[in-house]
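A look at the structure
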Amino acid sequence: EIAQITLDGPAASGKSSAAQGLAKELNAYFVNTGDMYRALTSVVLSKGIDPETQPEEIEKILPEQDIRYVSGEGLELLLQINGQLAQASQVRSPEVAAKVSLVAKVPAVRQWLVKRQRQSAELGLIVMEGRDIGTVVFPEAKFKFYVSASPLVRAQRRLVQEGEVSEGATVEKVAAEIAKRDEMDMNRAVSPLKPAEDAIKVDTSDLPLEEVISLMATIVRK
Ligand code: CDP
C-alpha cells in the first residue's frame with residue numbers, strides 16, 4: 001500500500017502546484033513543508049531575532065511554538081501558527097523569503113519540524129512537498145519525485161506569483177533571491193537539498209502543469 005508520495009526540488013520549481021494537483025487526482029492530503037519553515041521564520045522575525053547571528057535564540061523559542069496543519073473541509077489542511085490561521089502575507093512575504101533558509105539550516109529547527117511532518121502520515125495517503133522529504137522525512141516512500149526547472153523559468157513563475165505580495169519585483173531580483181536560497185539549501189550541513197537516489201526526476205521547464213500532474217499520476221497508478 002502507498003502511504004506517502006514525496007516531491008522535492010529547488011525554489012519555484014513548480015512543486016507546490018504539481019503536488020497539490022497530484023493530491024487532488026489521488027484523493028490524498030497535500031502537505032507543503034516550506035510553509036512550515038516560512039511560518040516559523042515569520043515568528044522568529046516578529047520576535048526581533050536575527051537568524052544569521054542568533055540561531056541559538058531560535059532554538060530557545062521552539063518549545064513555546066505550535067506550528068501545525070489542522071483539518072479543514074474535506075481533504076484540505078490549514079496551517080496554524082500558535083492557534084491562528086497562517087496568512088499568505090505572513091508566510092510568503094519577501095522578508096520571510098530572504099531569511100527562511102537561515103532558519104531552515106538550524107539543526108534543532110529541522111528536528112522539530114520533521115517530527116511534525118512525520119505525524120501527518122497518520123492522516124492517510126499524503127503528498128508531501130519540500131527539500132528533504134524523499135531523503136529524510138519519508139525515506140521509505142514508494143514514490144519520490146524530484147522536480148526542477150531552468151533558473152529563468154523558475155524566476156518567471158515566481159514573479160507571476162509574487163505580484164500578489166510584493167511591488168517592484170523584477171525577474172532579475174527574483175532570480176537572485178531564489179538562486180541565493182538554492183545555494184544555501186543545497187550546501188547546508190544538515191539535510192541538504194538533493195534528489196533521493198530512487199527519485200524520479202521531472203524537468204518542468206517545458207511542461208504545462210497539467211502534464212506534470214498527469215505524468216506523475218500515471219506513474220503512481222501503474
Ligand atoms: O515555494 P518555494 O519553492 O519558494 O520554497 P518553499 O517550499 O516555500 O521553502 C522555503 C524554504 O524553506 C526553502 O528555501 C528551504 O530553505 C526551507 N525548506 C527546507 O529546508 N526543507 C523543507 N522540507 C522545505 C523547505
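So, here is what we can say about the structure in this document. (Residues numbered from 1 in each chain as written. Predicted model: local features only at pLDDT ≥ 70, side-chain atom pairs only at ≥ 80, totals over all residues. Heavy atoms only, no water.)

1. Re the pattern of salt bridges
For the structure on display, the rule yields 11 salt bridges. Asp-66 is paired through a salt bridge with Arg-68; the nearest N and O atoms lie 3.0 Å apart. Residue classification places Arg-68 among the partly exposed positions, given a relative accessible area of 43%. Linking Arg-188 and Asp-185 is a salt bridge whose minimum nitrogen-to-oxygen distance equals 3.5 Å. Accessibility expressed as a relative area gives 7% for Arg-188, which makes it buried. Exposure remark for Asp-185: the relative accessible area of 3% places this residue in the buried category. Among the ionic contacts, a cluster of salt bridges with common partners joins Arg-131, Asp-185 and Arg-188. (Salt bridge = Lys/Arg side-chain N within 4 Å of Asp/Glu carboxyl O. Buried < 20%, exposed > 50% of the residue type's maximum accessible area, 1.4 Å probe, protein only.)

2. Considerations on the packing of aromatic side chains
On inspection of all chains with the given rule, the structure shows 0 aromatic pairs. The residue whose ring lies beneath Arg-116 is Trp-112, and the NZ or CZ to ring-centre distance is 3.8 Å. (Phe/Tyr/Trp six-rings, centres within 6.5 Å; stacked < 30°, edge-to-face > 60°. Lys NZ or Arg CZ within 6 Å of the ring centre and 35° of its normal.)

3. Some details on the site of the ligand
Near the ligand, the surroundings consist of 21 residues, among which Arg-38, Arg-110, Arg-158, Arg-181 and Asp-185 are the closest. At 3.0 Å from a nitrogen atom of the ligand is found a side-chain nitrogen or oxygen belonging to Thr-33. One of the side-chain N or O atoms of Asp-185 is found 2.6 Å from an oxygen atom in the ligand. In isolation the ligand exposes 530 Å². Once the protein is present, 99% of that is buried. Mapped by element, the contributors of at least two residues to the shell around the ligand are helix H2 (33–46), helix H5 (94–104), strand S6 (126–130) and helix H9 (171–187). Take the shell around the ligand: its biggest share by element is 4 residues, from H2. A class-by-class count of the residues in the shell around the ligand yields 6 nonpolar, 4 polar and 11 charged. (Near = heavy atom within 4 Å. Polar contact = N/O pair within 3.5 Å; in protein donor to acceptor, adjacent residues only side chain to side chain. Areas by Shrake-Rupley, 256 points an atom, 1.4 Å probe, with all protein chains shown as cover. Helix = DSSP H or I, 4+ residues; strand = E, 2+ residues; numbered from the N terminus. Nonpolar A, V, L, I, M, F, W, Y, C, P; charged D, E, K, R; others polar.)

4. As for helix H10 (residues 209–221)
Over its 13 residues, H10 runs 18 Å from end to end, which matches the ideal 18 Å to within 8%, given 1.5 Å per residue. Here H10 has its buried residues at Val-212, Ile-213, Met-216, Ala-217 and Val-220. Around the axis of H10, the buried residues are gathered within 125° of arc, so they sit on the same side. In H10, those exposed residues whose orientation departs by more than 90 degrees from the buried face are Glu-210 and Arg-221. On its buried face, H10 sits against strand S1 (4–8), helix H1 (15–26), strand S7 (143–148) and strand S8 (200–203). (Expected span 1.5 Å × (residues − 1). Arc of directions from axis to C-beta. Contact = heavy atoms within 4.5 Å.)

5. What about the side chain of Arg-38?
Examined against the element boundaries, Arg-38 turns out to sit in helix H2. Notably, Arg-38 is buried but unbridged: the nearest opposite-charge side chain belongs to Asp-35, and the N-O separation is 4.3 Å. Of note is the side chain of Arg-38, whose polar atom sits 3.1 Å from the backbone oxygen of Val-91. The residues touching Arg-38, leaving out its near neighbours within four places in the chain, are Val-91, Arg-92, Val-96, Ala-97, Val-100, Arg-158 and Arg-181. (Lys, Arg positive; Asp, Glu negative; His and termini not counted.)

6. Some remarks on helix H8 (residues 151–162)
Taking 1.5 Å of rise per residue, 12 residues should cover 16 Å, and H8 covers 16 Å from first to last C-alpha, within 8% of that figure. Every buried residue belonging to H8 is among Val-153, Arg-154, Ala-155, Arg-158 and Glu-162, and all of these are buried.

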